[in-house]
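# A look at the structure
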Amino acid sequence: MKNKNRFAVLFLPLFLAVSLLVWLVGDIIKEEKKTENLWLVEAESVQRDIPETVLTDMETMKGLEKAWIILEKEVRVQVENYYLDTTIQGVDLETFPLTVVASAGKKNQGTIPLLAVGEDFFSELKDDREKSVSKRQREILRENLDTLELKLEISSGEKEEEFSQKEETSGEILGLVKGNGFYMETEQMKQWLNAQGTSGERKKVLLQIRGDHRAKQAENSLTKAGFQVEARLFGENGSNTVK
């Protein structure tokens, strides 16, 4: 009995030491993981385009690995007899973090606008009586993704929700992506807008930052600078690129 008690007394410090070591190692691993986490920090300027000097300053942020300047233009999209007022976002489709849900097949980039469309797109469409697309019609549209034709009309900017018919352009779908966004390759979008005698707005930027602390620092700095900021862990809303 005495031997057992002596063994317990001798073993207890060793057990406590091992437990402490395991806890410390686990804590170190947890902290290291925080420094390795990738974050997407989206900053939007409410009133005006983001100046070049501000964009340059963003590039010096600690932990920054990638930055995407997003070109935007308000449009009305028509599919058959259905419509949606939305915003096209011009991005680098090769690197911009998007999750592909369905592909419309390989398409060569030319003069026809090619768009990556959010999977919620079909459920948001309405007819001229503001009636939503039926479930069956949504299924039909999605089944014909590879041949579906879009009509794009750029906002005239003269009155709220007024769109110019002369700016109507045919477009095609590259594929569906997670969420409800509407995306076009930046360079193609610039060319398309230029042909329409207009240009897009650069009010939004997406930053990829490594490390929880640095992402929080970036979020706080951008908020203080007057931006509307949203931060999320990379991969929460998808990370696949559109090919």
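Residues numbered from 1 in each chain as written. Predicted model: local features only at pLDDT ≥ 70, side-chain atom pairs only at ≥ 80, totals over all residues. Heavy atoms only, no water.

### Some remarks on the overall build of the protein
Scanning the protein from N- to C-terminus turns up six helices and ten strands. When burial is assessed residue by residue, the protein has 37% of its 243 residues classed as buried. Just so you have it, the protein exposes about 14900 Å², and 49% of that area is on carbon and sulfur atoms. (Helix = DSSP H or I, 4+ residues; strand = E, 2+ residues; numbered from the N terminus. Buried < 20%, exposed > 50% of the residue type's maximum accessible area, 1.4 Å probe, protein only. Areas by Shrake-Rupley, 256 points an atom, 1.4 Å probe, with all protein chains shown as cover.)

### Focus on the nonpolar core
Ranked by size, the top nonpolar core spans 27 residues in total, and within it Ile88, Phe121, Phe122, Leu125 and Phe182 carry the most contacts. At the level of elements, β2 (64-79), β3 (82-91), β5 (114-118), α3 (121-124), β6 (149-154), β7 (169-177), β8 (182-185) and α5 (186-195) are the ones that each hand at least two residues to this core. With four residues, the top contributor of residues to this core is β2. Leaving out residues up to four positions away in the same chain, Phe182 has contacts with Val77, Thr86, Thr87, Ile88, Gln89, Leu115, Ala116, Val117, Phe121, Leu150 and Leu152. Residues Trp39, Met58, Leu207 and Phe227 belong to the second largest nonpolar core, which totals 14 residues. (Core = buried A, V, L, I, M, F, W, Y, C linked by side-chain atoms within 4.5 Å. Contact = heavy atoms within 4.5 Å.)

### Remarks on the environment of Leu174
For Leu174, the position within the fold is in strand β7. As for Leu174 and Lys106, which are separated by 68 residues in sequence, their C-alpha atoms are 7.6 Å apart.

### Examining unusual backbone geometry
The backbone of Glu80 sits at a positive phi, close to 55 degrees, despite the residue not being glycine. Mapped onto the secondary structure, Glu80 falls in the loop between β2 and β3. For Glu130, which is not a glycine, the phi torsion comes out positive at approximately 65 degrees. Positionally, Glu130 belongs in the loop between α3 and α4 (135-143).

### So, the side chain of Lys204
For Lys204, the location among the structural elements is in strand β9 (residues 201-210). Among the residues examined, Lys204 registers a relative accessible area of 11% and is labelled buried. At 3.2 Å, the side chain of Lys204 forms a polar contact with the side chain of Glu72. In this view, Lys204 contacts Glu42, Ala43, Glu44, Ile50, Trp68, Ile69, Ile70, Glu72 and Gln89; residues no more than four positions away in its chain are not counted. (Polar contact = N/O pair within 3.5 Å; in protein donor to acceptor, adjacent residues only side chain to side chain.)

### Focus on the confidence of the model for the protein
Averaged over all residues, the pLDDT of the protein is 82; the fraction at 70 or higher stands at 77%. Throughout residues 158-162 the model reports pLDDT below 50, and contacts reaching past four residues in sequence, or to other chains, amount to four contacts. Below a pLDDT of 50 lies the segment residues 237-243, which in the model reaches 29 contacts outside its immediate sequence neighbourhood of four places, other chains included. (pLDDT = per-residue confidence, 0-100.)

### With respect to the pattern of salt bridges
Two side chains with opposite charge may pair up if their charged atoms get near one another. Taken as a whole, this structure holds 13 salt bridges when the rule is applied. For the salt bridge of Lys203 with Glu201, the shortest nitrogen-to-oxygen distance reads 3.8 Å. Under the relative-accessibility criterion, Lys203 is labelled buried at 15%. With a closest N to O distance of 3.8 Å, Glu219 and Lys216 form a salt bridge. Of this pair, Glu219 and Lys216 are both found in helix α6 (residues 212-224), three residues apart, which corresponds to roughly one turn of the helix. In this structure Lys216 comes out as partly exposed when scored by relative accessible area, which is 45%. If you follow the salt bridges from partner to partner, you end up with Glu36, Glu65 and Arg210 in one network. (Salt bridge = Lys/Arg side-chain N within 4 Å of Asp/Glu carboxyl O.)

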